[in-house]
Protein chains: 2
Amino acid sequence: MYESYWRKMGNKCDITFNGDDSLSYFANGKSLCWFLESKLEEQIKRLHNVVENAIVDDYYIVVGTGSSQLMQAALYALSPTDQLEPISVVSATPFYSSYPEVTDFVKSGLHKWAGDARTFEKNGPFIEFITSPNNPDGVVREPVVNGNQGKLIYDLAYYWPQYTAITSPANHDVMLFTISKCTGHAGSRIGWALVKDKEVAKKMTKFIEISTIGVSKEAQLRAAKILEVVSDSCLDPKMENFFEYSQSLMSDRWKRLRQVVMDNNFFVLQKYPFQYCLFTKDFCESHPAFAWLICKGGEEEDCQKLLKEHKIHTRSGRRFGSDLRNVRISMLSRDEDFNIFLKRLTTIRGPTNEN
Amino acid sequence: MYESYWRKMGNKCDITFNGDDSLSYFANGKSLCWFLESKLEEQIKRLHNVVENAIVDDYYIVVGTGSSQLMQAALYALSPTDQLEPISVVSATPFYSSYPEVTDFVKSGLHKWAGDARTFEKNGPFIEFITSPNNPDGVVREPVVNGNQGKLIYDLAYYWPQYTAITSPANHDVMLFTISKCTGHAGSRIGWALVKDKEVAKKMTKFIEISTIGVSKEAQLRAAKILEVVSDSCLDPKMENFFEYSQSLMSDRWKRLRQVVMDNNFFVLQKYPFQYCLFTKDFCESHPAFAWLICKGGEEEDCQKLLKEHKIHTRSGRRFGSDLRNVRISMLSRDEDFNIFLKRLTTIRGPTNEN
């Protein structure tokens, strides 16, 4: 959905590769993560410093083929190797629908999906995913399991000013980011982890070494270029600030969605607090990347099915460990798709609007 | 080592990305592999047809982040899901040193490394990796396990004319290739599988979807460009044929290595048959990407240790399921590194050369 911004930037983001570029497995940097390109490392640090959404000093950066690979790398690095039983992996419902699959798809003996963090009561070590703001519901989150043997993975894919107020620079042990949610370049498959502990960073790097022998150089160098332009746009008053632009797009979409939802009186939308944002230096609302829609009908109302009948494609709450009344809808679709979605949603009428 | 070729090609391989290119997860093609760029698909098919090293008609193409990811995808797709025990994965020694690690690194319950295919005697289903020409020893291989419940993964990374004679177009059920060994672009992390069975191709695609949500667009599009130039160079008499160029580089290096090995009378090198190559239309020798060096000393001679004392970096035969007398040496290093290696090797003298 940020395509219009990138089109406007013209050739500012152009990057050309020659035939003899990037032949080697190895990167040119001196990072612990031996395949991390130094230009990308530099631009990741710079952007976090500009946005103030995460501390980078004294953190190790591990680059991954999107943040999915980094989730697996983090699970690999944080799972004990001396246990007979795989470690339990949890996240509070509604959780990102890929966590169960990513944890269990090869039936790993290292880690095992154990469902909702709120009802997790097993003693012993566990890993908790904390997605903040959360996918699917956009809520800012904290860990929920009480237990001193927990290892935490913070998935901060949506902790950028267009989605939520930047309330303080995050400084957790393991934090995951991805360019796809930050700038919209999902096709590049570039994510990065900020990792406090050296041994954890080493093990994550090892995972990516075994899994894919590093991360595409072309994708890394292009990502570096894109992040550079984003930082430039925040600092250079002559440029259009990327986050202001994308925030205004999100704000407009949310306003229109809230209006339709109010009009048809059939759904409830998640509410978000008004918070002061360090980046915009102003109070602002959240504009999550997904809308978490709740049908007003009874518990057995199948919201996904109902919307499908109106040709609206959503993901059922069930996929997020929640119930049938909920669905997740992308707020990042292309303009024409978003307009069609709103138009179709308008035609649905709640009981009080019926004749 | 093919850098000089790519430098010579000048701007023929240049590719430029604009800010608004490749934003989406999805590719523009209609392939079963939903993230495969149609340009790459087209150039993969074209190159195999030009080189005649593999049949592509009626095969599904699955793109991966290097062939390592495709190995895991193939294991995932070929492992039965209805068994209590993980399926045994084997390969004949000396086998590619990453197979055990790739199979077992997350302690998968789907598949388990079971070592040397030659001594494998368990009844029931198994998966055999057949690397041909083989890494580390360059030998052309066939499956070795007798058993009708075997599923075969052909790793054909080195089945290109600069390394070996192309004796017939390969037409196995699952065949893996990678751009890193074909053209030298290891940093792009692009591999592809040719898969006969639709369900297997679907499951491999699913694996890559869960693991990394596809493969970098930039890397795919650049790989398409590089493969296009390689095919062009084979068909256009005005261009320098990539495979003739790289074959002559390999041939020169092997000649020099054989001379040094003969002179110092301390090692034995693998021998290869002279074979007719469909691509060069001539009989030719093999020039493998690795030299498999055997110390003439007794069985307990630690060849890797000995060479390390002479500052020669090798990988011990042990890593390939073989013994200490063997080492693998890369024949694809940069010119200056290869020259230093040969110079250092020259200083080692066997017993008959001693005073």
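Each value, and the rule that gives it
- Residues numbered from 1 in each chain as written.
- Chains lettered and ligands numbered in written order.
- Predicted model: local features only at pLDDT ≥ 70, side-chain atom pairs only at ≥ 80, totals over all residues.
- Heavy atoms only, no water.
- UniProt positions renumbered as here; feature names shortened; annotations may be inferred.
- Helix = DSSP H or I, 4+ residues; strand = E, 2+ residues; numbered from the N terminus.
- Phe/Tyr/Trp six-rings, centres within 6.5 Å; stacked < 30°, edge-to-face > 60°.
- Buried < 20%, exposed > 50% of the residue type's maximum accessible area, 1.4 Å probe, protein only.
- Lys NZ or Arg CZ within 6 Å of the ring centre and 35° of its normal.
- Least-squares fit on C-alpha atoms with pLDDT ≥ 70 in both.
- Contact = heavy atoms within 4.5 Å.
- Buried area = accessible area lost by both parts, 1.4 Å probe.
- Salt bridge = Lys/Arg side-chain N within 4 Å of Asp/Glu carboxyl O.
- Polar contact = N/O pair within 3.5 Å; in protein donor to acceptor, adjacent residues only side chain to side chain.
- Nonpolar A, V, L, I, M, F, W, Y, C, P; charged D, E, K, R; others polar.
- Pairing = 2+ DSSP bridges.
- Domains from an automatic or database assignment.
- Expected span 1.5 Å × (residues − 1).
- Axes fitted to C-alpha atoms, helices over the stretch in contact; angles between N-to-C directions.
- Right-handed = clockwise from strand over helix to strand, strands pointing away.

Caption draft 1: The UniProt feature "domain: Alliinase C-terminal" (unreviewed entry) in chain A, seen in detail. Sites flagged by UniProt as "domain: Alliinase C-terminal" (unreviewed entry) map to residues 1-348 of chain A. Structurally, residues 1-348 of chain A comprises 35% helix and 19% strand, and the distance from its first C-alpha atom to its last is 25 Å.

Caption draft 2: Spotlight on the packing of aromatic side chains. Residues and elements named next belong to chain A. All chains considered together, the criterion is met by 53 aromatic pairs over all chains. On the basis of an interplanar angle of 55° and a centroid distance of 5.3 Å, the ring pair of Tyr5 and Tyr245 is categorised as tilted. On the criterion of sequence distance, the pair formed by Tyr5 in helix 1 (residues 3-8) and Tyr245 in helix 8 (residues 242-264) is long-range, its members being 240 residues apart. Judged by relative accessible area, Tyr5 falls into the buried class, the value being 0%. Exposure remark for Tyr245: the relative accessible area of 12% places this residue in the buried category. Between the aromatic rings of Phe242 and Phe243, the centroid separation amounts to 5.2 Å while the plane-to-plane angle is 70°, which identifies the pairing as edge-to-face. Among the aromatic residues, ring-to-ring pairing joins Tyr2, Tyr5, Trp6, Trp160, Phe177, Trp192, Phe242, Phe243, Tyr245 and Phe279 into one connected group. Cation over ring: Lys203 sits above Tyr76, and NZ or CZ is 5.5 Å from the ring centre. The lysine or arginine in question, Arg328, covers the ring of Phe290, its NZ or CZ lying 3.7 Å from the ring centre.

Caption draft 3: Summary view of the relation of the copies chain A and chain B. When chain A is fitted to chain B, the residual RMSD is 0.0 Å, and the transformation amounts to a turn of 180° plus an axial shift of 0.0 Å. Put plainly, the chains are arranged around a two-fold axis. When you check the interface residues of chain A against chain B, 100% turn up at the interface there too, and the contact is symmetric in its surfaces.

Caption draft 4: Just the interface of chain A and chain B, in detail. Every contact between the two is made by 53 residues of chain A and, on the other side, 53 residues of chain B. When chain A packs against chain B, the two sides together hide about 4600 Å² of surface, and 55% of this comes from carbon and sulfur. For chain A, the biggest contributors to the area lost against chain B are A:Leu23, A:Phe105 and A:Ile210; these three give 14% of the whole. Joining chain A to chain B, the criterion identifies four salt bridges. Linking chain A to chain B there are 39 residue pairs in polar contact (both at pLDDT 80 or more). Among the secondary structure elements, those contributing two or more residues to the side of chain A that touches chain B are helix 1, strand 1 (15-17), helix 3 (66-78), helix 4 (98-104), helix 5 (179-183), helix 6 (198-212) and helix 7 (217-235) of chain A. Per-class residue counts for the side of chain A that touches chain B are 19 nonpolar, 21 polar and 13 charged. Sheet topology note: the strand 1 of chain A/strand 1 (residues 15-17) of chain B ladder contains three bridges and is antiparallel. The residue of strand 1 of chain B that forms the bridge with A:Phe17 is B:Ile15.

Caption draft 5: Representation of the domain arrangement of chain A in the model. Residues and elements named next belong to chain A. By the assigned domains, chain A splits into domain 1 (11-235) and domain 2 (242-348). For domain 1 versus domain 2, the separation of C-alpha centres amounts to 26 Å. Its largest share of buried area at the contact with domain 2, domain 1 owes to Pro136, Gln162 and Tyr163, together 24% of the area lost on that side. Taken together, domain 1 and domain 2 are joined by zero salt bridges.

Caption draft 6: Spatial organisation of helix 7 (residues 217-235) of chain B. With 19 residues, helix 7 of chain B extends 27 Å between its outermost C-alpha atoms, agreeing within 8% with the 27 Å of an ideal straight helix rising 1.5 Å per residue. Among the 19 residues that make up helix 7 of chain B, 15 are buried, leaving the element largely enclosed by the rest of the structure.

Caption draft 7: Up close: the sheet that holds strand 8 (residues 190-195) of chain B. Residue and element names in this part refer to chain B. Pairing in this open sheet of seven strands is mixed, and the strands run 2-8-7-6-5-3-4 from one edge to the other. The open sheet is flanked by strand 2 (60-65) and strand 4 (111-116), the only strands paired with a single partner. The mean inter-strand angle of the sheet, taken between neighbouring strand axes irrespective of direction, is 25°. By the bridge criterion, three bridges tie strand 3 (residues 87-91) to strand 5 (residues 126-131) in an arrangement that is parallel. Bridged to Ser88 within strand 5 is Phe126.

Caption draft 8: Region of the structure containing helix 8 (residues 242-264) of chain B. Residues and elements named next belong to chain B. Over its 23 residues, helix 8 runs 33 Å from end to end, which matches the ideal 33 Å to within 8%, given 1.5 Å per residue. N-cap assignment for helix 8: the residue whose side-chain oxygen lies 2.9 Å from the backbone N of Phe243 is Asn241. Among the residues trailing helix 8, Asn265 stands out with phi positive, at a value near 50°.

Caption draft 9: Spatial organisation of the pairing of strand 4 (residues 111-116) of chain A. Residues and elements named next belong to chain A. Sheet topology note: the strand 3 (residues 87-91)/strand 4 ladder contains four bridges and is parallel. Within the sheet, the bridge partner assigned to Val89 lies in strand 4 and is Trp113. In this fold, the crossover linking strand 3 to strand 4 by way of helix 4 has right-handed handedness.

Caption draft 10: The environment of A:Leu156, seen in detail. Residue and element names in this part refer to chain A. For Leu156, the location among the structural elements is in the loop between strand 6 (150-155) and strand 7 (174-178). Residue classification places Leu156 among the buried residues on the basis of a relative accessible area of 3%. Along the sequence, Leu156 and Ala193 sit 37 residues apart, while their C-alpha atoms lie 9.6 Å from each other. Excluding residues within four positions of it along the chain, Leu156 makes contact with Ser132, Ala170, Met175, Leu176 and Phe177.

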